[in-house]
Amino acid sequence: MNNQDNKSNLNFTDEEGFDYKELLSKIISNWYLFVAGILICLLASLLYIKYATPDYKINSKLLIEDDKKSLGGALSSSQSTDFSSLFDLPSNAQNEIDILNSRSLMEKVVRQMNLNITLYRTGRLRKDELFENLPFNITPIFKTDSVTATNYSIEILKSGQIHIENSDNNIDTTIKFGGTLKMREYDLQFSPNPLNESPAGKFKLLVQSVDSKVEELSRNLDVQLSDKQSTSIDIVLKYPVSKKGEVILESLMHDYLKANLEYKVETADSTVAFINRRLVIVQKELSDVEKDFSGFKRENNIADADEQSKALVTSASDYYNQLNTQEIQLLVINDLEKYIKDPANKTIIPSSLTDQDPVFADAIGKYNDLLLERSKLDLSYKEDNPVVKSLDSQIQGVRDNLLKSFEAYKKGLQIVKTGIKDRSSLITDQIKSIPEKERLFLDYSRQQNLKQELYLFLLQRREETMISKTSTISSARIIDDAKSDAEAYKPKKNLIYALGLVAGILLPFGFLFFRDSLNLKIVSKQDIEKNTRIPIVAEIGNNAENTSLVVVENSRTLISEQFRALRTNLQYLIKQNEPQVIMFTSSMSGEGKTFISLNLGSTLALTGKKVVFLELDLRKPKLSLNLGIENVNGFSNYIVSESNDIEPYIKPLFFSENCFLISAGTIPPNPSEILLSEKMEILMETLKKKFDFIIIDSSPVGLVADALILEKFVNLSLYVVRQNYTFKAQLDILNKLVYEEKLKKTYLIVNDIKAQQKGYYGYGYGYGYGYGYGYGYGGYAEPAKKKSLISKLLKR
C-alpha cells in the first residue's frame, strides 16, 4: 500500500452504521457492572415498595332517580311546555356530579371529622397515618380559618406525659393528658383514649387549614357516570388508609343525601307559599266573574238561544278553549317574570308551577341554589362583603338569563295566540248575526272558564308540592357503600420492578457512555478506527517483566511472539534482498518507540540479518541508556568530525552478534541542523553497504520536526501509539503529515495493550491481530491464507 492510498483513506465517513459487535464487546467485558446495576436497582425497588406510603382506591356508587312526572289539568301532555328548548343545560345526573365534586360538600366532611388534624406513627423510613385505636385523642379549637401547615413531633414519655416539639416555631414543651397546647391560630387539647390504655412511641402531628385539606381530598376524588345511558354515578376516593377513606366517602355520600332532602323541603315550602298567595287573588277574580256572569244570564235569559246559535257557539268555544290554554301559560310566565324582576324577592322560585320538565326545573334550581347560598351568607357576612357582592352578581346574571328566556317564550306563545285569534275571527264573522247578548254570554263564559282552570291548576300544584314535601325519599340513593380495594393500587409492584430492571441496565450503559465520552486517550481499536485510516501493522501487549529487551534467542513469551508476527508482516511491506531503513516515531515521549525498535531489531537479527540501531532522538536519547551503554562517541560526534569513517562509532551489542548500535553521542545544542548535515547522506549510504536493516529511533514527530528531516532516507515509517497513553487528538498529527506527504509509507503499531482488556481488538493480543482494515494478520496464520491476504493488500 503506497502513500497515495493512505492519503485517500484519511478523509472518511462511517458508513458501517451502528457497531453491534462493539456494543456486545462492551457488555461482555463489563458484565459485572450490569449485574451489579440490576441487583442494586432491584434492591432499591424492593425497598421502595416496602417503605413507600401505599394508596388505596375506595369505591362507591349512587343512583340518581328520574323525577320527571306527567302534567295534569290544563297543561295536558299534548299541550305541555317544552322548556328544554329555552336552556342549554346538562342532564340531571351531571348536575349531581357537580354537587358531589363541590367544595362546600367536601368542606362539611372535613369539618365534621376534623380531617385537617392528622396523626402519624413514625418509623425508621416512613410514617403511617393512624385512624383506629388512636394512642390519644386531639380536640382542636380553631381561632381562625387561616392556619399555617405545621408538623409537631410528639413522644409519650414513660411518666405518661406528652412531649411536643417543633423547631420552626421554637416549641419544646411537655404537658399532661387533659392539657392544652395554646397556639396563636388554634388550641390543641390532648386527652387519653379509653380504648388504648398504654399508649407509647413517637408520633408526628400535622395541623393544616381546612381549605388545604379540602383541596387535597378533592384532588383525590373522582366522580363519573357509570355509563352514558344510565344515571348511576361511580365515586372513587384515593387515600393511604383504607378504613379512614371508607369513612370519609360514606360521610360525603350521607351529607349529599341529607342536603338533597333539605333542598327538596325548602323548595316545597317556598312553592306552597307562592301558590297560596296566587289562590287568594285568583279566587277573588273568579268570584267576581261568576257573579257578573250570573247576573247577565238572569237579566238576558241567554239559555233560550236557538239551535243554530248553539252550534256556532260550540265551534267558537273550541277556539276559546285553545286561547284559554295560551292565556294560562302566559299568566304563569308573567307571574314568574314579575316575581323574578322584583329584587326584593329573596325566596326561591317554585319551578313546579310551570312544568315538570327536568331541564327547566334544573334552571330554576340553579337560581334557587344561589338564593339559598345568599341567605346562608347573610348569617355570616355583611352586605358589603366581597363574597356577598360576588354572589349577588351571579344571582343577577342568572336572573337576567331567565328573563331573556321568558321573553323569548312569551313571544312564541303570542304567536300561537295570534294564530288562534285569526281562526276565531272566521267564526266571529259567521255569528255577526247573533244577538249582542249572545256574544256577551260567550265573553263571560270564556273568562269564567279561564279563571276556573287557573284556580284548579294552582290547587293541583299545591297538592303535588305538599305530597313531595312530606315524602322522605331522596332523588338519589346509595347502591354500593364505600368499600376499599383489598390491595393498594400504588406503589405498583410490577411497574416498580420493571423500572428497576430497566434502570439497572441503563445506568451501566450511561456510565460506560460518559466514561468513553470523557476519555481523551486511545483505549480501544475503535478509537483508532474513528480517528485515522492509517493501517495497523502490529499490536504489542503489555511488558509485564518491565525489561527493555524481551526478544532473545529461544524466547517464547507472548510478547516475543508478537514481535515475530511484526517481523513476518514487514516481509510483505518492504522489498526483499535490499537494505531497508525503518524509522520509529510517535506523537510524544513515553509511547514506547525505543522499546519496540530495539525488540524488532533483535527479532530481525535472529533470522541472520545484520541490524544497526541509529539513535537519532538527539534531544532525549534512551536507546543506549536502556542497553546500559555509555552514550559517548556517537552520531553527533561523527557529524562534527572531519573523517567519514563510521567504524569507530559502531558498537556491537551484547545480546546478538548481528546487532550493532550508533548511539546519539554528545547532545548538541542544534539537533535539527546536525540532521541536515551533508554527512548524513554519506552515513546512510555507508550503513546500507554494511547492514541489512537500519533502524532509526527518532524524536517524536508530534513535538519536533527531526523525523521529517530523516524521512527522505526511510523506506518504512512505523508510528507508535500507546493504549491509555496516546491522546485521540494526536492521531490528527499523523493524518496531517500523511496527507501533506511529509511521511510516506507509514503504518501504526499499538503498544502496551493490557491483558485484562482482551476486548480491545476482539481477539486479545495473543497470536492474532484481527484484520481491521485488511492490513494486519497473525504471526501463526496458515501460509496459504497469509499469502492470499498479503496479495489483496498489495493490490490495494
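Calculation criteria
- Every chain begins its residue count from 1, and numbering advances along the sequence as written.
- Totals for whole chains, interfaces and linings use every residue, but because this is a predicted model, local features are given only for residues with pLDDT of at least 70 and side-chain atom pairs only at 80 or more, for both listing and counting.
- Only hydrogens and water are set aside; all other atoms, that is, all heavy atoms of the structure, feed into the side-chain values.
- Each axis is a line fitted through C-alpha atoms, taken for helices only over the stretch in contact, and angles between the N-to-C directions span 0 to 180 degrees.
- Going along the chain from the N terminus, every DSSP run of H or I of four or more residues is numbered as a helix, and every run of E of two or more is numbered as a strand.
- Roughly parallel means an angle under 35 degrees; roughly antiparallel, over 145; roughly perpendicular, 65 to 115; everything else is oblique.
- It only takes one pair of heavy atoms within 4.5 Å for two residues to be counted as in contact.
- Ten residue types, Ala, Val, Leu, Ile, Met, Phe, Trp, Tyr, Cys and Pro, are classed as nonpolar, four, Asp, Glu, Lys and Arg, as charged, and the remainder, Gly among them, as polar.
- For two strands to be treated as a pair, DSSP must find no fewer than two bridges joining them.
- Buried residues are those whose accessible area, probed at 1.4 Å on protein chains only, stays under 20% of the maximum for their type, while exposed residues exceed 50% and partly exposed ones sit between those limits.

Engineer: Explanation requested: the packing of helix H14 (residues 558-570) against helix H15 (residues 593-605) in the structure shown.
Structural biologist: Two measures define how a pair of helices packs: the angle their axes make with one another and the distance between the axes. Between H14 and H15, the shortest axis-to-axis distance is 9 Å and the interhelical angle comes to 75°. Judged by the angle between their axes, H14 and H15 are roughly perpendicular. Together, Ile559, Phe563, Arg564, Leu566, Arg567 and Leu570 of H14 and Phe595, Ile596, Asn599, Leu600, Thr603 and Leu604 of H15 make up the contact between the two elements. The class makeup of the residues in the contact of H14 with H15 is eight nonpolar, two polar and two charged.

Engineer: Can you help me understand the side chain of serine 209 in this one?
Structural biologist: In this fold, serine 209 is placed in the loop between strand S10 (201-207) and helix H6 (210-219). With near-sequence residues (within four places) excluded, serine 209 lies in contact with Asn116, Asp145 and Val147.

Engineer: How do you make sense of the sheet that holds strand S1 (residues 56-64) when you look at a structure like this?
Structural biologist: Sheet strands line up and pair through hydrogen bonds in the backbone, either parallel or antiparallel. The strand order S11-S12-S1-S13 describes an open sheet built from four strands, whose pairing is antiparallel. A single partner strand is all that each edge strand has here, and the edge strands are strand S11 (221-225) and strand S13 (476-484). Between one strand axis and the next, the sheet turns by 15° as a mean value, whatever way the strands run. Sheet topology places S1 next to S13; six bridges connect them, and they run antiparallel. For leucine 62, the partnering residue across the bridge sits in S13 and is isoleucine 478.

Engineer: Looking at this structure, I do not really get the sheet that holds strand S2 (residues 117-122). What am I missing?
Structural biologist: Reading across from one edge, S3-S2-S10-S5-S6-S7 is the order of the six strands in this open sheet, with antiparallel pairing throughout. The sheet is open, and its two edges are formed by strand S3 (127-129) and strand S7 (171-175), each paired on a single side. Adjacent strand axes in the sheet meet at a mean angle of 25° when their direction is disregarded. Of the strand pairs in this sheet, strand S5 (residues 150-156) and strand S6 (residues 162-166) are connected by four bridges, and their pairing is antiparallel. Within S6, the position partnered with glutamate 155 by the bridge is histidine 163.

Engineer: I tried to follow the pairing of S5 on my own but got confused; where do I start?
Structural biologist: Looking along a regular strand, one sees side chains alternate from face to face of the sheet. Burial along S5 is one-sided: the face carrying Thr150, Tyr152, Ile154 and Ile156 is buried and the face carrying Asn151, Ser153 and Glu155 is not. Looking at chain direction, S5 and S10 are connected through seven bridges and run antiparallel. Along S10, the bridge assignment pairs asparagine 151 with leucine 206. If you look at the hairpin formed by S5 and S6, you'll find five residues sitting between the two strands, and glycine 160 has a positive phi there, around 90°.

Engineer: It is not clear to me how the pairing of strand S19 (residues 693-697) should be interpreted in this structure. Could you clarify?
Structural biologist: Counting buried residues along S19, five of its five residues qualify, which places the element largely inside the surrounding structure. Here S19 shows two buried faces, one formed by Phe693, Ile695 and Asp697 and the other by Ile694 and Ile696. In this structure, strand S15 (residues 580-586) lies alongside S19, joined through five bridges in parallel fashion. Directly across from phenylalanine 584, in S19, lies its bridge partner aspartate 697. In this structure, strand S16 (residues 611-615) lies alongside S19, joined through five bridges in parallel fashion. When the bridges of S19 are listed, leucine 614 appears paired with isoleucine 696.

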